[in-house]
Amino acid sequence: AVQIVKTDISGHKFVLDETSLEKLLMNDDIREKCVTVISVAGAFRKGKSFLLDFFLRYLNAKYKKHDITNWLGPVDVPLEGFCWKGGSERVTAGILMWSDIYLATTPSGSEVAIILLDTQGTFDSNSTVCDCATIFALSTMVSSVQVYNLSQNIQEDDLQHLELFAEYGRLALADCGRIPFQKLLFLIRDWSFPYEAKYGFDGGRILLEKRLQIKSNQHPELQFLRRHIKSCFTDINCYLMPHPGLMVATNPFFDGKLRDIEPEFLHHIEDLAPLILAPENLTMKRINGQIIKAKELYLYFISYTKIFAGNELPEPKSMLVATAEANHLAALATAKESYVKAMEEYCGGTTPYLKSSVLEEEHTRQKNIALECFLNKRKMGSDDLSEAYRIQLSSDLEQMFNHFKLQNESKNIFKSARTPAVFMTLAIITYVLSNFMGLLNLTTLASFCSLITTLAIMTLLTWFYTRYSGEHTDISLLIDAAADRLWESLMKPTYLSLAQSNIDDIVQPATSSLEKIDDS
């Protein structure tokens, strides 16, 4: 087996080995062939690789030796192929593709390349929910038959995980209006209730109908889950497998010899493999309704892996993390709502202008109340998560305060009248100067002052129009900025200088008089 999807040093980023994949799919014998891709996915340590090695025996017998008589082989030969072993620790990592790609001819005469994929098991102690979703979704996207390997039964959490993983894969696909994935096979291992539903496809169909049945008295959440799963796959089946025997499950030296496996298990393996891998049962891989070839599958593999490696998709999270984030967002919203309500009452649209320092004090008080409200809310999750949301709340409240400051400033009648006052003053001064220069026969300077007077009046009229018509507000803002600049850089310093000069003129005589009185 060739590991085509590997993990990086962190163990949580998946990287496609393009060189290895190219050798498998782009060689001259395979690249122009249509493909059928069988992938096995599910929880770790549930026998996925073990199952695939039986599929390999069938493929070798059918398409290499062309003789499926007793294709399971001798009873004393160990099972080889995809790496597997007993125990409780994970064996498979990433996605593995079998190095031999088998060529089959369908009853219609089409030549098809058969590809087997083995996937990293979900929910081991080293994998995050995002890791599990990525592997399951990627394998589902590239496969024509996804075998969902489950133990003993189809439980509600199995359906929830399938819904999450399928939706994650669907998000990565461009919406073409078609059902995104092809065949899904629930493979129930170690089925213990053959008296309710017998082993094989017939019993599986009964079980699947029960588990995916939508009832009128079901909770809407359960109904939606079932509809969603059905909408993601063109075909859904189920196969019930018996237990392979205690020797397989408990003997640390078991190496896959048929003599150590229960005959009933072998009988159903003999039944299952052809139902998936026989020429008449092969499902050719389609994307957007079009049958694809091996060379196209290679390109799709690259494209899909890049999508999962990027930041385009939301990160799947565990139920605890998702619930904790929802708790914190609700507490955040409540705290912000209380702050906005209090500040609206204090300095909202109907209240008069407030001094900036007074407004700052009220903001600080209401901000502390909002933060206390957030902290006192009962929330799930760690202290680190709470601290991150507390910082976010503090930042959001500061942004809201900027809005209230601007709203308060707009009520300052002197500030709102600054622009017309500046340009009116400028027009009057330059008009007087123009007439004065005319009396002195300084024609050029008089014309320049007249020009400034005209520009000031035109600017003022434009400002009035934009203000009261609501049109071209960007021009109004530019005029306000120009008025502020004229006031701060020219008029205000001149005004302060004149005021200071007048004060000095008044104070100086008074001071002289006092000195004379003191001397006398």
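Residues numbered from 1 in each chain as written. Predicted model: local features only at pLDDT ≥ 70, side-chain atom pairs only at ≥ 80, totals over all residues. Heavy atoms only, no water.

Naming follows an unreviewed UniProt entry, where the protein appears as Putative conserved plasma membrane protein of Panstrongylus lignarius. Of the comments in the UniProt record for the protein, the one headed Catalytic activity (unreviewed entry) reads "GTP + H2O = GDP + phosphate + H(+)". Under the Sequence similarities (unreviewed entry) heading, UniProt states for the protein: "Belongs to the TRAFAC class dynamin-like GTPase superfamily. GB1/RHD3 GTPase family." (UniProt positions renumbered as here; feature names shortened; annotations may be inferred.)

Draft legend 1. Layout of the overall build of the protein. Assigned secondary structure in the protein consists of 16 helices and 11 strands. The buried share of the protein, reckoned over its 520 residues, is 41%. Total accessible area on the protein stands at roughly 28,400 Å², and carbon and sulfur atoms take up 56% of it. (Helix = DSSP H or I, 4+ residues; strand = E, 2+ residues; numbered from the N terminus. Buried < 20%, exposed > 50% of the residue type's maximum accessible area, 1.4 Å probe, protein only. Areas by Shrake-Rupley, 256 points an atom, 1.4 Å probe, with all protein chains shown as cover.)

Draft legend 2. Focus on helix H3 (residues 129-142). In this model H3 runs 20 Å from its N-terminal to its C-terminal C-alpha over 14 residues, within 8% of the 20 Å that 1.5 Å per residue would give. In terms of burial, H3 is largely enclosed, as 13 of its 14 residues are buried. (Expected span 1.5 Å × (residues − 1).)

Draft legend 3. Quick look at the pattern of salt bridges. Tallied over the full model, the rule gives 12 salt bridges. Across the pair Lys-293 and Glu-32 runs a salt bridge, and its minimum N-O distance is 3.6 Å. Of this pair, Lys-293 sits in the loop between strand S11 (290-291) and helix H9 (294-309) while Glu-32 sits in the loop between helix H1 (18-25) and strand S3 (34-42); the two residues are 261 residues apart in sequence, bridging distant segments of the chain. Judged by its relative accessible area of 31%, Lys-293 falls in the partly exposed class. We classify Glu-32 as partly exposed; its relative accessible area is 39%. Linking Lys-367 and Glu-398 is a salt bridge whose minimum nitrogen-to-oxygen distance equals 2.8 Å. Of this pair, Lys-367 sits in helix H11 (residues 356-376) while Glu-398 sits in helix H12 (residues 383-409), and the two are 31 residues apart along the sequence. Among the ionic contacts, a cluster of salt bridges with common partners joins Arg-31, Glu-32, Lys-293 and Lys-295. (Salt bridge = Lys/Arg side-chain N within 4 Å of Asp/Glu carboxyl O.)

Draft legend 4. Fine view of the packing of aromatic side chains. Tallied over the full model, the rule gives 15 aromatic pairs. A ring pair is formed by Tyr-148 and Phe-186, whose centres lie 5.7 Å apart and whose planes are at 50 degrees; its orientation type is tilted. Linking Tyr-148 in strand S7 (residues 145-151) with Phe-186 in strand S8 (residues 181-189), this pair joins segments that are 38 residues apart in sequence. Side by side, Tyr-148 and Phe-186 carry an identical accessibility label, which is buried. (Phe/Tyr/Trp six-rings, centres within 6.5 Å; stacked < 30°, edge-to-face > 60°.)

Draft legend 5. Helix H15 (residues 443-469), seen in detail. In a regular helix each residue adds 1.5 Å, so 27 residues correspond to 39 Å; H15 covers 39 Å between its end C-alpha atoms and thus fits that length. Burial in H15 covers these residues: Ala-446, Cys-449, Thr-453, Ala-456, Leu-460, Trp-463 and Thr-466. Phi turns positive, to about 80 degrees, at Gly-470, one or two residues after H15.

Draft legend 6. View of the UniProt feature "transmembrane region" (unreviewed entry) in the protein. Per the UniProt entry, the sites bearing "transmembrane region" (unreviewed entry) are residues 421-439 and 445-465 in this numbering. With 100% helix and 0% strand, residues 421-439 has end C-alpha atoms that lie 27 Å from one another. A helix fraction of 100% and a strand fraction of 0% characterise residues 445-465, whose end C-alpha atoms lie 30 Å from each other.

Draft legend 7. Highlighting the pairing of strand S1 (residues 2-7). Relative to strand S4 (residues 95-97), S1 runs antiparallel, the two sharing 3 bridges. Within the sheet, the bridge partner assigned to Gln-3 lies in S4 and is Leu-96. Here S1 pairs with strand S2 (residues 14-16) via 3 bridges, running antiparallel. Bridging from a neighbouring strand, Lys-6 pairs with Val-15 of S2. (Pairing = 2+ DSSP bridges.)

Draft legend 8. Here's a closer look at the packing of H1 against H9. H9 packs onto H1 with a crossing angle of 165 degrees between their chain directions and a minimal axis gap of 9 Å. Relative to H9, the element H1 lies roughly antiparallel. Like other packed secondary-structure pairs, H1 and H9 cross with a definite hand, here right-handed. In this structure, H1 contributes Glu-18, Leu-21, Glu-22 and Leu-25 to the contact, and H9 contributes Ala-294, Lys-295, Leu-297, Tyr-298, Phe-301 and Ile-302. For the contact of H1 with H9, a count of residues per class yields 7 nonpolar, no polar and 3 charged. (Axes fitted to C-alpha atoms, helices over the stretch in contact; angles between N-to-C directions. Parallel < 35°, antiparallel > 145°, perpendicular 65-115°, else oblique. Left-handed = near helix turned anticlockwise from the far one by under 90°. Contact = heavy atoms within 4.5 Å. Nonpolar A, V, L, I, M, F, W, Y, C, P; charged D, E, K, R; others polar.)

Draft legend 9. Empty space enclosed by the protein, seen in detail. Scanning all chains against the criterion turns up 1 cavity of 30 Å³ or more. Its volume calculated, the largest cavity comes out at about 30 Å³. Counted by class, the lining of the largest cavity contains 2 nonpolar, 4 polar and 1 charged residues. (1 Å grid on protein atoms, 1.4 Å probe; cavity = no way out; pocket = protein on both sides within 12 Å on 5 of 7 lines; lining within 4 Å. Points joined across faces, edges and corners; volume = space filled by probe spheres on them.)

Draft legend 10. Expanded view of the packing of helix H14 (residues 418-439) against H15. Where H14 meets H15, the axes come as close as 8 Å, and the angle between the chain directions of the two elements is 160 degrees. Judged by the inter-axis angle, H14 sits roughly antiparallel to H15. As H14 packs across H15, the resulting crossing turns out to be left-handed. Facing Thr-419, Pro-420, Phe-423, Met-424, Leu-426, Ala-427, Thr-430, Tyr-431, Leu-433, Ser-434, Met-437 and Gly-438 of H14, the residues of H15 in contact are Leu-445, Ala-446, Cys-449, Ser-450, Ile-452, Thr-453, Ala-456, Ile-457, Thr-459, Leu-460, Trp-463 and Phe-464. The residue inventory of the contact of H14 with H15, partitioned by class, reads 17 nonpolar, 7 polar and no charged.

Draft legend 11. Broad picture of unusual backbone geometry. You will see that Asn-70, though not glycine, has its phi angle at about 50 degrees, which is positive. When you line up the elements, Asn-70 lands in the loop between helix H2 (48-64) and S4. Despite not being glycine, Asp-190 has its phi angle at roughly 55 degrees, a positive value. Checked against the element boundaries, Asp-190 lands in the loop between S8 and helix H5 (201-211).

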